[in-house]
Amino acid sequence: EYIGQEKAKGNLAVFIAAAKKRGESLDHVLLHGPPGLGKTTLAGIIAQEMGVNIRITSGPAIEKAGDLAALLTNLSEGDILFVDEIHRFNRSQQDALLHAVEDRLVVLVGATTENPFFEVNSALISRSRIVELHSLADDEIAELVGRAVADDRGLAGCYALEDEATSAIV
């Protein structure tokens, strides 16, 4: 159901299939592209496809080294740690994360709106697959809006709930 990003979805499908065939966890992934394209949603889909848990955080939410350690402690091997705005991690935070990445204690899926080659340290980049996302085309946006209006999980569901509430009052 993820609309657009056909090249990225194709690449991720290959990465996931290869990991499953090897019987190993997924390679680390860095998603980059403009805001609002569904990088967090894509990370959730990856976790679902791999059958693992996902822990979601963001660069600004991790202030101390202990915050990162607490996150890592609560994950099992192969679980996904999704770090939104990974470019907001300072170099020492990225270095602290590197240990867990190198030892494959977790699978890192990072997201950034910045060019990762400038904002993420080279050690993390060298251990990750880079997946670039692009702005949606007009027809993809139209499909997305159409689904949001028609689907019970979108706006159609809001109106259905409103109609039920109105009926209950009357």
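Residues numbered from 1 in each chain as written. Predicted model: local features only at pLDDT ≥ 70, side-chain atom pairs only at ≥ 80, totals over all residues. Heavy atoms only, no water.

**Focus on the pattern of salt bridges**
Oppositely charged side chains can form a pair if their charged atoms are brought close together. Inspection of the entire model under this criterion finds seven salt bridges. Across the salt bridge formed by Arg22 and Asp27, the nearest N and O atoms sit 3.7 Å from each other. Among the salt bridges present, the one from Glu85 reaches Arg88, with a minimum N-O distance of 2.9 Å. Residue Arg88 is classed as partly exposed on the basis of its relative accessible area, which comes to 47%. Put simply, Arg22, Glu24, Asp27 and Arg129 are held in one network by salt bridges that share partners. (Salt bridge = Lys/Arg side-chain N within 4 Å of Asp/Glu carboxyl O. Buried < 20%, exposed > 50% of the residue type's maximum accessible area, 1.4 Å probe, protein only.)

**Observations regarding the nonpolar core**
Leu12, Leu26, Val29, Ile46, Val109, Val131 and Leu133 are the most contacted members of the largest nonpolar core, which totals 23 residues. Contributing elements (two or more residues each) for this core: α1 (6-22), β1 (28-32), α2 (39-50), β3 (80-84) and β4 (107-112). Counting 18 residues, the second-largest nonpolar core is a separate cluster that includes Leu30, Ile62, Leu68 and Ala100. (Core = buried A, V, L, I, M, F, W, Y, C linked by side-chain atoms within 4.5 Å. Helix = DSSP H or I, 4+ residues; strand = E, 2+ residues; numbered from the N terminus.)

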